[in-house]
Amino acid sequence: MKYRTLPRGGERVSEIGLGLAKIHEAGKDGVRAALKTALGAGINFFDLCCTEKNVYRLFTETVGEKRGEVFTQMHLGCAYPEGQYAHIHDKDEIIAAFEDTLAFSGDTYADCGMFHCVDEEAEFESIVAANGLLDYALGLKKQGVLRHVGVSTHTPAVARKFMDTNEIDLIMFSVNPAYDYTKGDWAGGSHEERLALYNEAERRGVALSVMKPFAGGQLLDSDRSPLNVSLSRFQCLRYALDRPAVVTCLPGVSGEADVKALLGFEDADPADTDYSVMAKAAPAEAQGRCVYCNHCAPCPAGIDIGLVNKYYDLAAAGDGLAAEHYKKLSLNADDCESCGHCDDHCPFGVDQSSRMEEIAAWFAGR
Ligand code: SF4
Ligand code: SF4
């Protein structure tokens, strides 16, 4: 398992995590088996927006002594009347439900308390200003009941507003090629807005955990895919993990078999994670823009073309750390030999050799 570091807090989190909304379908023994397999494989990031309340206790029991090694997201806005999930909006109900669920789970803290599914700007105003729910969450953070405060949203404008409070460490955001190309029911924000959000989150040290990496399964089936091409799970995971600020992907699992199916990702052949086939569906505004896929590899000069482009985009957006990372690369745009191999092999129509000149010139002045 590969790990990434949370910019705020420094925790090492597995780049593949799990969403547990459907894990109850496995039954009690199946939930335990799935979690044990995940923990044994080094998965340490779990989103606990469960459909059945029962799962919280099973989770705590199964994790047991490994609790200090795992990172949990719990949601402020989930309640469990009759033991089943409900999305609630009233402040007092949210607080009561969160405290009840945490107590029921047998745990004493959550690594991140997430405002649950805040998709409208009016909801942001309500949480932050009108009802003081943000203050409540920050109070829990002071007490150690939460280690971080975050938000789950599908809307870039809402994510921005939360980032602007400077109190949010983590955003659970829906990232996949369909939504980034503004296709599909949950594709909030324009293509440009979404890319700008990822860059801005990276610049500010706000991490993204990814929900819906397969667009609810639609991307896996060409008949249902909004892109009209099918992608594999591994292609979708690679795509999401290549976006700036992303620290982990949280595919939903409904049993041990789903967990096992994800584990091959870390050792997969690069050809099996190459997502450049999505270029066929790229909208006009995405043509000519590098998506960091490295489909044009190998570069005869040895340059990691995707990484050079990613650092450049981030640095140009004001991310000083990304500029430092760029300068530490053993090979960068200065080493480009203008051979044109990348231009000939880029399915997104990027004039990469010219872009290398642009990147080299930009950094030369700094
Ligand atoms: S130049 Fe094209 S093929 Fe190469 S990394 Fe960028 S988008 Fe991918
Ligand atoms: S043009 Fe430059 S970056 Fe592209 S493959 Fe050739 S040497 Fe590598």
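Residues numbered from 1 in each chain as written. Chains lettered and ligands numbered in written order. Predicted model: local features only at pLDDT ≥ 70, side-chain atom pairs only at ≥ 80, totals over all residues. Heavy atoms only, no water.

## Remarks on the site of ligand 1
- With respect to spatial proximity, the complete set of residues near ligand 1 consists of Cys 290, Val 291, Tyr 292, Cys 293, Asn 294, His 295, Cys 296, Cys 346, Pro 347, Phe 348, Val 350 and Gln 352.
- Grouping the constituent residues of the shell around ligand 1 by class yields nine nonpolar, three polar and no charged. (Near = heavy atom within 4 Å. Nonpolar A, V, L, I, M, F, W, Y, C, P; charged D, E, K, R; others polar.)

## Let's talk about the site of ligand 2
- Looking at ligand 2, there are 13 residues lining it, with Cys 299, Cys 336, Glu 337, Cys 339 and Cys 342 nearest.
- Elements represented by at least two residues in the shell around ligand 2 include exactly α14 (341–345) and α15 (352–364).
- For the shell around ligand 2, the residue count by class is eight nonpolar, four polar and one charged. (Helix = DSSP H or I, 4+ residues; strand = E, 2+ residues; numbered from the N terminus.)

## A look at helix α3 (residues 91–105)
- If you check α3, its first and last C-alpha atoms are 21 Å apart, about what 15 residues at 1.5 Å a residue would give, namely 21 Å.
- Listed in full, the buried residues belonging to α3 are Ile 94, Ile 95, Ala 97, Phe 98, Thr 101, Leu 102 and Ser 105. Along the axis of α3, the buried residues cluster in a sector spanning 170 degrees; they form a single face. With respect to the buried face of α3, the exposed residues turned more than 90 degrees away are Asp 92 and Ala 103.
- For α3, the N-terminal capping position is held by Asp 90, with its side-chain oxygen 3.2 Å away from the main-chain nitrogen of Asp 92.
- Looking one or two places after α3, you find Gly 106, whose phi comes out positive at around 85 degrees. (Expected span 1.5 Å × (residues − 1). Buried < 20%, exposed > 50% of the residue type's maximum accessible area, 1.4 Å probe, protein only. Arc of directions from axis to C-beta. Polar contact = N/O pair within 3.5 Å; in protein donor to acceptor, adjacent residues only side chain to side chain.)

## Considerations on the sheet that holds strand β3 (residues 18–19)
- Strand order in this open sheet of eight strands is β3-β4-β5-β8-β9-β10-β11-β12, and the pairing throughout is parallel. Each end of this open sheet is capped by a strand with a single partner; those strands are β3 and β12 (246–249).
- In this sheet, strand β5 (residues 71–76) lies alongside strand β4 (residues 45–48) in parallel orientation, the contact comprising four bridges. What sits directly across from Leu 48, in β5, is Met 74. (Pairing = 2+ DSSP bridges.)

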